[in-house]
Amino acid sequence: MIRRLPPAVAARIAAGEVIERPASVVKELVENAIDAGASRITVEIEGGGLDLIRVVDDGHGILPDDLPIAFERHATSKLVSDDDLDSIATLGFRGEALPSIAAVADVDCLTRTTEAPHAWRLGMRGGRVESVEPAARAVGTTMSVVGLFADLPARRKFLRGKSGENGQIVAQVASLALSCPRIGLTLRLDGRRALETPGDGDLAAAMASVHGRGIAEYLAPVEPDPADGDRVQVGGCLGWGEATLPTRAGLTLLVNGRWVQSRTLTYAVDEAYRTLVQVGRFPVAVLDIRVPSGDVDVNVHPRKSEVRLLHERAVFGAVQRAIRRTLAGFAGPRPTTLLGPDDGYGQPAEQGSWISGLRILGQAGGTYIIAEGAAGIYLVDQHAAHERVLFEQLHAAWDGRQERQSFLEPAIVELPARAAAVARAHVDALEAAGFEAEPFGDGALLVRAVPAALADRGALAVLAESLASLADEAPPDDWRARLAILFACHSATRAGDRLATEEMTALLDQLGEADLCQACSHGRPTAILLSHHQLAREFGRLS
Ligand code: ADP
Ligand code: MG
């Protein structure tokens, strides 16, 4: 038998698509404030968003007559006819957010327009209007959402706990702040200020407030290129060097001002950056992509976070060109010498049998290997190069290709308390990264096998040092990748270690000339190439 769902139940199901977690409420409310023309927006969060989400704006407010209507399904002031769906300029347009939020929480809306003599307060309980009364407030709107999912224990179960939800909220607010640098956005978590952007329209300044002052000098604005035509315009600001992170969390993609997620565009960014950041590092970057509104479909997903692009390949190409020209023209610290003068990208013109056929000429300062390859002369940072080789070997373990070395008797590795806690919680990640280990008492690990790549590189000390570093940093998104990076770093040859010619040959053989051009660590180059072309130019041999 088919039955119609009671309206309240239907509303909750629909709400689930829009309001998945506290961060979704924050997104909808802040987007409404942006659409209302606010110049200052403050977000206050208590209890991971379950106790309170409050968004205060100085936008145009809601007319008293419109107030109850705003909470009705498919009521929106932003979409007038069907045709408007093709040219959506505002962030909201479905008229779904407020009723959805009111279906899963109590909402209090305090708002005032310029024309109104005073403010009004509307109270929503259980999806229904409970009260409307005059109140006091300057022009703007305050939305308070209390007891989110209080009646939905099943939904609460899927949440990640207070700090997890706070993390999502911070990421959400950061993206919104970066999409609107002209708006001063402040986020407070349980009264503590977590984020504050100046709202002066300067994108780089907003990025520095989100990701830390230290990155400011490693940011370069993307200048539009007339050659891209008017189908696609790419703007934004790109990070390099210190402005990289061990995760992709620093990448913000905007399409026509809307924050979006797109595997294709993320891949385009990864590809364009590949030769310019170390494996496992990702740039802090905002890409502001503009296409004619008819070329983008934002209406593919209720959360509006995914878009469909009509000319995806053209956008892909424009993004890659924008990244290359911006980084090539960046005046800040960058490995200029990796960028060959001919192709602009340091990729040897042809790849042939000489790969892994580098000829060692010597070692300089106990730190740099001097070698000759097909493209010219390389100065190779031995620590960075070794780190890269080890990372590749550890990486191979992920596909089960890498060997382990088992101990006849398990070894006991003593750890400081916090490192031990990290190890206990992530034995699976250790296993995936090549260490067979189990917790042993409170402050130690029992290790049965180590990755073969680290077997003769003090694997146990490397493990202890890496876990100690992990205990001091924010939990990574990808434990396995982070562990592999730390293992590689802690076991690689140091600067200052004298290397025999055979050791240098073995190291460079494993890397190959093509890889040398691709690996930089933390914005430092692994190798500097003096290309034949450059040498000829320096010596005045070019006619
Ligand atoms: P949508 O944003 O898709 O139009 P919402 O349910 O998010 O739908 O909001 C419904 C309507 O309420 C909006 O169209 C707008 O007119 C009004 N509104 C919501 N929040 C605000 C705000 N902060 N300031 C002014 N108007 C608002
Ligand atoms: Mg909205």
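Preceding this paragraph is the structure being described.
The structure presented is a predicted model; accordingly, all values stated were derived computationally and were not measured.

Cut-offs and rules
- The residue count restarts for each chain, going from 1 along the sequence in the order it is written.
- Starting at A for chains and at 1 for ligands, labels are handed out in the order in which the entities are written.
- Local features are withheld for residues below a pLDDT of 70 in this predicted model, meaning they are given only at 70 or higher, and side-chain atom pairs are given and counted only at 80 or more; totals for whole chains, interfaces and linings count all residues.
- With hydrogens and water stripped out, all remaining heavy atoms of the structure feed into the side-chain values.
- Helical segments are the DSSP runs of H or I of at least four residues, strand segments are the runs of E of at least two, and each set is numbered from the N terminus.
- By this rule, a helix spans an expected 1.5 Å times one less than how many residues it contains.
- Using a 1.4 Å probe on the protein chains alone, a residue whose accessible area is under 20% of its type maximum counts as buried, one over 50% counts as exposed, and one in between counts as partly exposed.
- Convention adopted: a line fitted to C-alpha atoms gives each axis, helices being fitted over their contacting stretch, and angles between N-to-C directions are expressed from 0 to 180 degrees.
- Here roughly perpendicular refers to angles of 65 to 115 degrees, roughly parallel to angles under 35, roughly antiparallel to angles over 145, and oblique to all remaining angles.
- Here, residues are in contact when the closest pair of their heavy atoms is within 4.5 Å.
- Amino acids outside the nonpolar list (Ala, Val, Leu, Ile, Met, Phe, Trp, Tyr, Cys, Pro) and the charged list (Asp, Glu, Lys, Arg) are all regarded as polar, and Gly is one of them.
- DSSP bridges decide pairing: two strands pair if at least two such bridges lie between them.
- The arc in question is formed by the directions pointing from the helix axis toward the C-beta atoms.

Enquirer: Help me understand helix α2 (residues 22–35) in this model?
Expert: Side chains that are three or four residues apart share a direction in an α-helix, a result of its 3.6 residues per turn. When the terminal C-alpha atoms of α2 are compared, their 20 Å separation across 14 residues agrees well with the 20 Å that a helix rising 1.5 Å per residue should span. Among the 14 residues in α2, 13 count as buried, and that is most of the element. Just downstream of α2, G37 is the residue with a positive phi angle, here 80°.

Enquirer: Explain the packing of helix α11 (residues 417–425) against helix α13 (residues 459–471) to me, please; I cannot follow it from the model alone.
Expert: For any two helices packed against each other, the geometry is given by the interaxial angle and the distance between the axes. Where α11 meets α13, the closest approach of the two axes is 8 Å, and the angle between their N-to-C directions is 95°. In terms of axis orientation, α11 runs roughly perpendicular to α13. Contacts between α11 and α13 pair R418, A419, V422 and A423 from the former with L467, A468, L470 and A471 from the latter. The class makeup of the residues in the contact of α11 with α13 is seven nonpolar, no polar and one charged.

Enquirer: Whenever I open this one, the pairing of strand β12 (residues 251–255) confuses me. Can you help?
Expert: The element β12 is extensively covered by neighbouring structure, given that five of its five residues are classed as buried. Burial along β12 is two-sided: the residues L251, L253 and V255 and T252 and L254 are all buried. As paired strands, β12 and strand β15 (residues 285–290) are joined by five bridges and run parallel to one another. Paired with T252 across the two strands is V286, which belongs to β15. Note: β12 against strand β13 (residues 258–260), three bridges, orientation antiparallel.

Enquirer: What am I meant to see in helix α8 (residues 263–273) here?
Expert: Within the sequence span of α8, burial applies to L265, T266, A268, V269, A272 and Y273. Down the axis of α8, the buried set is contained in an arc of 155°. They therefore lie on one face. Buried residues along α8 sit in contact with β10 (233–239), β12, β14 (282–283), β15, β17 (308–309) and α9 (312–328).

No statement about biological role is implied by the geometric values presented.
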